[in-house]
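Report on the structure
Each chain is listed here by its residues.
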Amino acid sequence: MSQAIEKDRQLIASDIEGYLRTHQYKSLLRFITCGSVDDGKSTVIGRLLYESKMLFEDQLSALEEDSKKVGTQGGDLDFALLVDGLTAEREQGITIDVAYRFFATDKRKFIVADTPGHEQYTRNMVTGASTADVAVILIDARKGVLTQTRRHSYLVSLIGIRHVVLAINKMDLMDYSENVFRTIEEEYREFARQIGINVFTAIPLSALKGDNMLEPSDRTPWYHGPTLMGFLETVQVDQDRLQGLPFRLPVQWVNRPNLDFRGFAGTVSSGVVKPGDRIRVQPSGKESKVARIVTQDGDLDRAVAGQSVTLTLADEIDISRGDVISTVDAPAEVADQFETTIVWMHEEPMMPGRSYLMKIGTKLVTATVTEIKHKVNVNTLEHLAAKKLELNEIGVCNLSVDRPIAFDAYKDNADTGGYIIIDRLSNNTVAAGLLHFALRRSQNIHMQHVDVDKDARSVMKGQRSAVLWFTGLSGAGKSTIANLVEKKLHAHGQHTYLLDGDNVRHGLNKDLGFTEADRVENIRRVGEVSKLMVDAGLLTLVSFISPFRSERRMARSLVQDGEFIEIYIDTPLSLAEQRDPKGLYKKARRGELKNFTGIDSPYEAPEHPEIRIDTAIMSPDEASDHIIAQLSRMGIVNNVI
């Protein structure tokens, strides 16, 4: 067992509180290792753990045994095995997942993330980098600056990591050549300037041999800079930077244990706050003063970035989870449309017009990408036109949310400018984003108040307004049944309008094709039109294939609860293809019609429709009567059946 561990064991046995105090007040540094495949990232971390005496005897024994079984160093210790935990990683000799490790020295505590080098795992690298203070970018001295090195450097710059180490590893395989080191350093410097990395520290390493890891190496007498551990222990992470920013506290919880106390709990993301300070609550804009700063250990005279506190205010103000408490002198911005950079992290591509959930700080809103300005080729930094973002792609986009939110530009404050995007159906995190600025139109375009509203229009018509959304395969009978329903409703004095998929494509949506992206935009536009017609007090019948659940859910979200009635015209594909009134299935089968729903493009059947019609056993007339009867029971229509 190492002397450091034995010393810690003795301290724990004699003075556990002293041991805990010693570690409590050490500063914490989070860093990542990244670079091209097999540059030695895991070996670097394994060597740091080994040399910092953080391994117990059983871990050393397991390392020795694993090195003999699956190691790549001919029986010598393979330090990478300390980190490469996944079986697939050990078999392939690469890192797939983000591996986190904790270790400490006498000077500092560390959390290191070993991030994957393969392009298909870019999302994993972004995850690991999101909380890092330092990035250690490894380069194989034999290979120099590679495409993956450029990509990860771009991501490091994008995420805003301010301290970068260029670790030129495997110098032992290049005879510790100064010329090799300087050539790689200069090549990287030229690229780094293009992406905004103006300062970095280059270190020649052999992680396998231990050169310049903890102690200066005799094999590199020409190098006079810090060792890797020396840099990590002494780098001045700007702890004061966040405290120097304007005060921000995203409200996580409204604390109301009794009638006499109302506090607003959260973590201070930036700045300093003291009792008596004037604050502004956003997005509402209401102002007050801080009365108390409450913690479990008592009230504080001040709170700084990183502290979790509860604020009480001098005035009774309506504040909810997700609101941001800001200093009145430099409040956060408020907007509902932004320019943003999005890193897409899901196998299913991102489509403009599709509705997602967006979580920024403690706020959860509905968000839609309205336009992809361009995607970035992270290997060449080219800006490319795009209609969608695939897995691991990065795009600059316009983003719209369903209500104004408080924010700061990501470059100024990562906590209030960074966000994640969540799929509404699966609840999976599908993207990470960085807000740049509010679009001008979000500041200059406002909702105009009108005196005659939806309720007034509905009362005049003597009906409830609603969207009757008919969905199903081509040939299912949607248009036929919807037409019959409208005809019968009209005959009983109901005010209706029918939006049919084919008819709308002759006008409003004549510019759209049948790609997945165009189908999403097709439904987005129709959903917005339906919303306007509901506001006009109409019963709006929408007859569209609308194959994707996410778009139908988006259309539902545009109107109030109870105003969207999903009617699933359930027809087996074989029956729809047998009917084929327009001959479209025959064309699709011959390959003449691409992206045809049910053949080479999926149809996602409703999971919980309000009304389901089985056309295999119901005639169109029977189906229309059944729908109207159901609408009557729901209170959507009256005196019809």
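All values reported here derive from a predicted model rather than from experimental measurement.

1. Side note on the nonpolar core
Counting residues in hydrophobic clusters, the biggest one holds 67 residues, and the most contacted among them are Phe31, Ile32, Tyr188 and Leu228. Ignoring any residue separated from it by four or fewer positions in sequence, one finds Tyr188 in contact with Ile137, Ile139, Val145, Thr149, Ser153, Val164, Leu166, Ile197 and Phe200. Counting 24 residues, the second largest nonpolar core, distinct from the first, contains Ile372, Leu389, Ala431 and Ala438.

2. Focus on helix α14 (residues 478-491)
Owing to its 3.6 residues per turn, the α-helix brings residues three or four apart onto one side. Here α14 is 14 residues long and its end C-alpha atoms lie 20 Å apart, about the 20 Å a rise of 1.5 Å per residue gives. Residues of α14 that are buried include every one of Lys478, Ile481, Ala482, Val485, Glu486, Lys488 and Leu489, and no others. Relative to the axis of α14, the buried residues are bounded by an arc of 165° and lie together on one face. Facing away from the buried surface of α14 by more than 90 degrees, the exposed residues are Lys487, His490 and Ala491. Those residues of α14 hidden inside the fold are in contact with β24 (466-471), β25 (496-500), β26 (539-543), β27 (564-570), β28 (611-614) and α20 (620-634).

3. Observations concerning the environment of Lys487
Take Lys487: it is sitting in helix α14. For the pair Lys487 and Ser624, spaced 137 residues apart in sequence, the C-alpha to C-alpha distance is 9.7 Å.

4. A short note on the sheet that holds β25
Taking strand neighbours across the sheet as the criterion, the 5 strands line up as β25-β26-β24-β27-β28 in an open arrangement whose pairing is parallel. Each of the sheet's edge strands pairs with one partner strand only, and the pair in question is β25 and β28. Adjacent strand axes in the sheet meet at a mean angle of 15°, parallel and antiparallel pairs treated alike. Looking at chain direction, β24 and β27 are connected through 5 bridges and run parallel. Each residue of the ladder has a partner; that of Leu468, found in β27, is Ile565. In this fold helix α16 (residues 516-535) packs onto β24, β25 and β26, with an angle of close to 150° to the strand it touches most, β24. Each of β24 and β27 is contacted by helix α17 (residues 549-557), which is oriented at about 150° to β27, the strand it contacts most.

5. Notes on empty space enclosed by the protein
Unoccupied space between atoms shows up once a probe the size of one water molecule is rolled over them. Counted by the stated rule, this structure contains 2 cavities of 30 Å³ or more. If you add up the space inside the largest cavity, you get close to 60 Å³. Residue lining of the largest cavity: Pro250, Gly322, Val324, Ile360, Gly361, Lys363, Ile405, Ala406, Asp415 and Thr416, and that is the complete set. Looking at the lining of the largest cavity, the elements with two or more residues in it are β21 (394-407) and α11 (414-417). By volume, the second largest cavity amounts to about 40 Å³. What lines the second largest cavity is Arg30, Phe31, Ile32, Tyr100, Ile111, Ala113, Gly128, Thr131 and Ala132. Of the residues assigned to the lining of the second largest cavity, the class counts are 6 nonpolar, 2 polar and 1 charged.

6. Points about the environment of Gln282
Relative to the assigned elements, Gln282 resides in strand β11 (residues 278-282). Spatially, the C-alpha atom of Gln282 lies 8.2 Å from that of Pro331, the residues being 49 residues apart in sequence. Leaving out residues up to four positions away in the same chain, Gln282 has contacts with Asp323, Val324, Ser326, Pro331, Ala332, Val334 and Ala406. At 2.5 Å, the side chain of Gln282 and the backbone oxygen of Ala332 are in polar contact.

7. Side note on the pairing of strand β5 (residues 163-169)
Regular strands have side chains that alternate between both faces of the sheet. Counted residue by residue, β5 has 6 buried out of 7 residues, so it is predominantly covered. Looking at chain direction, strand β4 (residues 134-140) and β5 are connected through 7 bridges and run parallel. Considered in β5, the bridge of Asp140 is made with Asn169. One crossover worth recording links β4 to the parallel β5 by way of helix α7 (residues 147-159), and it is right-handed. Pairing between β5 and strand β6 (residues 201-204): 4 bridges, direction parallel. Bridge pairing links Ala167 to Ile203 in β6.

8. Remarks on the packing of aromatic side chains
Throughout the structure, instances matching the rule amount to 11 aromatic pairs. When the centroid spacing of 4.8 Å and the interplanar angle of 20° are considered together, the rings of Phe103 and Phe110 count as stacked. We note that Phe103, like Phe110, is buried. Residues Phe338 and Phe407 carry aromatic rings whose centres are separated by 4.9 Å and whose planes lie at 80° to one another, so their mutual orientation is edge-to-face.

Cut-off values and rules
- Residues numbered from 1 in each chain as written.
- Predicted model: local features only at pLDDT ≥ 70, side-chain atom pairs only at ≥ 80, totals over all residues.
- Heavy atoms only, no water.
- Core = buried A, V, L, I, M, F, W, Y, C linked by side-chain atoms within 4.5 Å.
- Buried < 20%, exposed > 50% of the residue type's maximum accessible area, 1.4 Å probe, protein only.
- Contact = heavy atoms within 4.5 Å.
- Helix = DSSP H or I, 4+ residues; strand = E, 2+ residues; numbered from the N terminus.
- Expected span 1.5 Å × (residues − 1).
- Arc of directions from axis to C-beta.
- Pairing = 2+ DSSP bridges.
- Axes fitted to C-alpha atoms, helices over the stretch in contact; angles between N-to-C directions.
- 1 Å grid on protein atoms, 1.4 Å probe; cavity = no way out; pocket = protein on both sides within 12 Å on 5 of 7 lines; lining within 4 Å.
- Points joined across faces, edges and corners; volume = space filled by probe spheres on them.
- Nonpolar A, V, L, I, M, F, W, Y, C, P; charged D, E, K, R; others polar.
- Polar contact = N/O pair within 3.5 Å; in protein donor to acceptor, adjacent residues only side chain to side chain.
- Right-handed = clockwise from strand over helix to strand, strands pointing away.
- Phe/Tyr/Trp six-rings, centres within 6.5 Å; stacked < 30°, edge-to-face > 60°.

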